[in-house]
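Chains, contacts and geometry: an overview
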Amino acid sequence: MADNTCKACRDNYKVTETQMQRILQTSAFALERRVDMQQYQERLHLCSTCPKLSDGVTCTACGCIIPVVAWLKERACPLPGGGRWGKLADQEPASVATAAE
Ligand code: SF4
């Protein structure tokens, strides 16, 4: 009987911690392209409560490895209406928000 599950969701294709660390060491994840640790943790928290997160790692809405892509400033949650978290550039800088209050 054919296995109709998504190939990337099968156990033998699941990404390992070692693979994620290897990806994070590439130039695509250079420090200037990353959000800070607080922002990263906030993104992980928002994803952890999302029904689209599979096995605590994969976003079933976009297929991305969340512990990896949540580091990137230019990434955003793919859900309609702006999603649960946005690009860093979409967010108002703290100094501007303070001045407007
Ligand atoms: S990126 Fe968005 S849709 Fe995907 S798991 Fe996170 S909150 Fe859910």
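Parameters at a glance
Each chain carries its own residue numbering, running from 1 in the direction its sequence is written. At least 70 in pLDDT is required for a residue's local features to be given in this predicted model, at least 80 for side-chain atom pairs to be given and counted, and no such filter applies to totals for whole chains, interfaces and linings, which use all residues. Helical segments are the DSSP runs of H or I of at least four residues, strand segments are the runs of E of at least two, and each set is numbered from the N terminus. Put plainly, a residue is buried at 20 or more neighbouring C-beta atoms within 10 Å of its own, exposed at 12 or fewer, and partly exposed in between, counting only other residues' C-beta atoms, which are placed from the backbone. The contact criterion used is a C-beta to C-beta distance within 7 Å, with each C-beta placed from the backbone. A set of buried residues drawn from Ala, Val, Leu, Ile, Met, Phe, Trp, Tyr and Cys, joined through C-beta atoms within 7 Å, is what defines a nonpolar core. To decide whether a residue is near a molecule or strand, its C-beta atom is placed from the backbone and checked for lying within 6 Å of it. Gly is placed with the polar residues, together with every amino acid not listed as nonpolar (Ala, Val, Leu, Ile, Met, Phe, Trp, Tyr, Cys and Pro) or charged (Asp, Glu, Lys and Arg). Scored from 0 to 100, pLDDT reflects the predictor's confidence in each residue.

**A few points about the overall build of the chain**
Helix and strand counts for the chain stand at 4 helices and 2 strands. Reading the chain from its N terminus to its C terminus gives the helix and strand order α-α-β-β-α-α. Within the chain, buried positions represent 11% of all 101 residues. A separation of at least 24 residues holds for 44% of the contacts in the chain among residues at least 6 apart in sequence.

**Considering the nonpolar core**
By size, the foremost hydrophobic cluster in this structure holds 5 residues: V35, C47, I66, A70 and W71. Not counting residues up to four positions away in its chain, the partners in contact with A70 are Y40, R43, L44 and C47.

**As for unusual backbone geometry**
You will see that D55, though not glycine, has its phi angle at about 55 degrees, which is positive. Secondary-structure assignment places D55 in the loop between β1 (53-54) and β2 (58-59). Residue classification places D55 among the exposed residues on the basis of 10 C-beta atoms within 10 Å.

**Points about the site of the ligand**
Among the 13 residues in the neighbourhood of the ligand, the closest are listed as C47, C50, C59, C77 and R84. Of the residues assigned to the shell around the ligand, the class counts are 10 nonpolar, 1 polar and 2 charged.

**Notes on the environment of V15**
By secondary structure assignment, the location of V15 is in the segment before α1 (17-24). Residue classification places V15 among the partly exposed positions, given that 16 C-beta atoms sit within 10 Å. Spatially, the C-alpha atoms of V15 and I65 are 8.1 Å apart, while their sequence positions differ by 50 residues. Discounting residues that sit within four places of it in the chain, V15 has contacts with M20, V57 and I65.

**What to know about the confidence of the model for the chain**
Within the chain, residue pLDDT values average 84, and 76% of them lie at 70 or more. For residues 91-101, every residue scores under 50 in pLDDT, and the model assigns this stretch 2 contacts once sequence neighbours within four places are set aside.

**Let's talk about the environment of A30**
Tracing the backbone shows A30 in the loop between α1 and α2 (37-48). Accessibility expressed as a C-beta count within 10 Å gives 9 for A30, which makes it exposed. Distance in space between the C-alpha atoms of A30 and W71 is 9.9 Å, their sequence separation being 41 residues.

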